[in-house]
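Summary of the model geometry
So the chains spell out like this:
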Amino acid sequence: MSILSWVAAVGFGVAGLCLPPQGEIDGSVLILIAQLLVMCVTFMGVDSYVNIIRNLRK
């Protein structure tokens, strides 16, 4: 899920740069990219936390 959200963020970033006016990304696209990247980091953080807890129980 985190990889998918990262790929989507990069895809929206590229699409935002390619659509008219070229070279400018609208604020709404930037907010969407930021939310997708935060979701990616959240999933990675939860996964790391779960792994730490599992290692402590061993």
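Residues numbered from 1 in each chain as written. Predicted model: local features only at pLDDT ≥ 70, side-chain atom pairs only at ≥ 80, totals over all residues. Heavy atoms only, no water.

Concerning unusual backbone geometry
Cis geometry is adopted by the peptide bond preceding Pro 21, which originates at Pro 20 and carries an omega value of -10 degrees. Structurally, the position occupied by Pro 21 is in the loop between helix 1 (2-18) and helix 2 (27-57). (Helix = DSSP H or I, 4+ residues; strand = E, 2+ residues; numbered from the N terminus.)

Details of helix 2
Its 31 residues place the ends of helix 2 45 Å apart at the C-alpha level, agreeing with the 45 Å of an ideal helix rising 1.5 Å per residue. Three or more residues of helix 2 are buried, namely Ile 33, Leu 36 and Cys 40. Residues of helix 2 that are buried make contact with helix 1. (Expected span 1.5 Å × (residues − 1). Buried < 20%, exposed > 50% of the residue type's maximum accessible area, 1.4 Å probe, protein only. Contact = heavy atoms within 4.5 Å.)

Considering the side chain of Ser 5
Position of Ser 5 relative to the elements: it lies in helix 1. Residues within four places of Ser 5 in sequence aside, it is in contact with Leu 36, Met 39 and Cys 40.

Overview of a nonpolar patch on the surface
Taken together, the side chains of Ile 3, Trp 6, Val 7, Val 10, Val 14 and Leu 37 make up a nonpolar region of the molecular surface, amounting to roughly 550 Å² of accessible area. Ranked by the residues each element gives to the nonpolar patch, the list is headed by helix 1, at five residues. By the secondary structure assignment, Trp 6 is in helix 1. (Patch = residues over 30% accessible without salt bridge, like charges linked within 9 Å, V, L, I, M, F, W, Y side chains within 5 Å. Areas by Shrake-Rupley, 256 points an atom, 1.4 Å probe, with all protein chains shown as cover. Salt bridge = Lys/Arg side-chain N within 4 Å of Asp/Glu carboxyl O.)

Comments concerning helix 1
Compared with an ideal rise of 1.5 Å per residue, which puts 17 residues at 24 Å, helix 1 spans 24 Å between its outermost C-alpha atoms and is within 8% of the ideal. Check the buried side of helix 1 and you find it contacts helix 2.

A short note on the side chain of Ser 2
Structurally, the position occupied by Ser 2 is in helix 1. In this structure, Ser 2 is in contact with Cys 40, Phe 43 and Met 44, ignoring residues within four places of it in sequence.

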